[in-house]
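# Summary of the model geometry
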Amino acid sequence: MMPRFVEPAYALLRIVSGFLFAFHGAQKLLGAFGGQAVPVGSMFWVAGVIEMVGGILIMIGLLTAIVAFIASGEMAVAYFTAHQPQGGWPIQNQGELAALYCFIFLFIASKGAGLWSVDRLRRKGR
Amino acid sequence: MAAPSVEHAFALLRIVAGFLFMFHGAQKLLGAFDGNVQAFGTLRWFAGVIELFGGVLIMIGLFGAIVAFVASGEMAFAYFISHQPRGGWPIENRGELAALFCFIFLLIAAKGSGWWSVDGLRRRGRAATKGTFP
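A short tour of the structure in this document, coming up. None of the values given here were measured: they were computed from a predicted structure. Per chain, the residues get numbers from 1 upward, laid out in the order the sequence is written. Each chain gets a letter, beginning with A, and each ligand a number, beginning with 1, in the order they are written. Given that the model is predicted, a residue must reach a pLDDT of at least 70 before its local features are reported, and side-chain atom pairs must reach 80 or more before they are shown or counted; all residues, however, enter totals for whole chains, interfaces and linings. The basis for the side-chain values is all heavy atoms of the structure; hydrogens and waters are excluded.

## Some words on the interface of chain B and chain A
Across the boundary between the two partners, chain B contributes 37 residues, which contact 37 residues of chain A. A quick way to say it: buried area is the sum, across both parts, of accessible area lost when two parts are put together, with a 1.4 Å probe. Buried area between chain B and chain A, both sides added, is near 3400 Å², and the carbon and sulfur share of it is 81%. Here, a salt bridge means any Lys or Arg side-chain nitrogen found within 4 Å of an Asp or Glu carboxyl oxygen. Here chain B and chain A share zero salt bridges between them. Throughout this description, a polar contact denotes any pair of N or O atoms lying within 3.5 Å of each other; where both atoms belong to protein, one of them has to be capable of donating a hydrogen while the other can accept it, and for residues adjacent in sequence the pair is counted only when both atoms sit in side chains. The tally of links from chain B across to chain A stands at five residue pairs in polar contact (both at pLDDT 80 or more). By definition, any uninterrupted DSSP run of H or I lasting at least four residues is a helix, any uninterrupted run of E lasting at least two residues is a strand, and each is numbered from the N terminus. Mapped by element, the contributors of at least two residues to the side of chain B that touches chain A are helix H1 (3-30), helix H4 (90-93) and helix H5 (96-111) of chain B. Ranked by residues supplied to the side of chain B that touches chain A, first place goes to H1 of chain B with 13 residues. Under this grouping Gly is polar, as are all residues other than the nonpolar Ala, Val, Leu, Ile, Met, Phe, Trp, Tyr, Cys and Pro and the charged Asp, Glu, Lys and Arg. Of the residues in the side of chain B that touches chain A, the class split is 28 nonpolar, four polar and five charged. Throughout, a contact is declared for two residues whenever any of their heavy atoms are within 4.5 Å.

## Brief notes about the packing of aromatic side chains
Whether two aromatic rings pair depends on their centres lying within 6.5 Å, for rings of Phe, Tyr and Trp, where Trp uses its six-membered ring; planes under 30 degrees apart make the pair stacked, over 60 edge-to-face, and the rest tilted. Overall, the coordinates contain 22 aromatic pairs over all chains when judged by the stated rule. Taking 5.3 Å as the distance between ring centres and 90 degrees as the angle between the ring planes, the aromatic pair formed by Tyr79 of chain A and Phe80 of chain A counts as edge-to-face. By the ring-pair criterion, three or more aromatic residues cluster together here, those being Phe19, Phe23 and Phe33 of chain A together with Trp89 of chain B. We call a charge positioned over a ring when the NZ of a Lys or the CZ of an Arg lies within 6 Å of the ring centre and within 35 degrees of the ring normal. The ring of Tyr10 of chain A carries Lys111 of chain A above its face, with NZ or CZ at 4.8 Å from the centroid. One Lys or Arg, Lys111 of chain B, reaches over the ring of Phe10 of chain B and ends 5.0 Å from the middle of that ring.

## Section: the pattern of salt bridges
Scanning the entire structure with this criterion turns up six salt bridges over all chains. In this structure, Asp119 of chain A and Arg122 of chain A form a salt bridge, with 3.1 Å as the shortest nitrogen-oxygen distance. Linking Asp119 of chain A with Arg122 of chain A, this pair stays in helix H6 (residues 118-125), spanning three residues, or about one helical turn. Each residue is placed in one exposure class: buried if its accessible area under a 1.4 Å probe, protein chains only, is under 20% of its type's maximum, exposed if it is over 50%, and partly exposed if it falls in between. Here Asp119 of chain A falls in the buried class, since its relative accessible area comes to 13%. We note a salt bridge from Lys111 of chain B to Glu7 of chain B, for which the minimum N-O separation is 3.2 Å. With Lys111 of chain B in helix H5 and Glu7 of chain B in helix H1, this residue pair connects regions lying 104 residues apart in the sequence. The exposure classification of Lys111 of chain B matches that of Glu7 of chain B, with both residues buried.

Written out as structure tokens, the structure reads:
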């Protein structure tokens with residue numbers, strides 16, 4: 001336990017998880033990184049918007065708590081609509097990532113952006 | 001952003017991450033959950049020991065900080081020897097999960113087990129552990 005490193009470690013987790021989350025959106029919206037672009041307006045498209053825009057906002061820490069809350073909900077829906085029906089445990093139905101993102105973002109939603117974030121900079125002004 | 005909900009959310013994240021991590025060890029050591037048993041004493045076997053026992057300890061929150069530190073290091077190692085050589089971004093080389101576990105466990109290593117943990121129960125006799133997030 002090293003209390004001095006809690007806030008930096010939290011900021012790293014927020015930045016890394018937002019960064020990695022944005023790739024899923026880029027796959028769905030742009031067909032980048034080995035993904036397939038999905039039709040505009042479909043449910044997967046909406047998911048892609050949350051992932052790409054939300055991932056970037058979480059990474060830079062802008063409106064973090066509310067965005068992370070939405071992303072967490074999206075991951076819960078994704079787990080139960082896309083992975084859980086495949087049966088078995090998360091490691092078998094490939095829903096492990098969705099479950100981890102869901103709980104990381106729930107934590108971020110309750111804690112807020114923290115260090116190294118735009119939210120923190122904005123608050124400093126006031 | 002009240003402190004209690006933060007501690008609850010952190011404990012949930014710790015429990016879920018430890019629980020899911022454990023399955024990787026069960027795959028490697030027991031061949032369970034569609035896994036393959038790794039030969040005793042190999043690098044992957046050691047990885048399985050860290051994942052199975054480390055996952056359980058992180059989930060129940062016993063020696064959470066030190067175990068999470070070891071698990072975090074293992075995940076960094078796994079990313080660089082097994083995923084990164086495949087090239088591309090984490091989403092392409094399937095190292096995304098390893099990267100997420102690495103940073104979750106790094107946070108747990110810094111913060112300790114927190115609420116709903118054996119460490120918390122053991123400490124209760126000595127000092128209050130409430131509200132360690134500022």
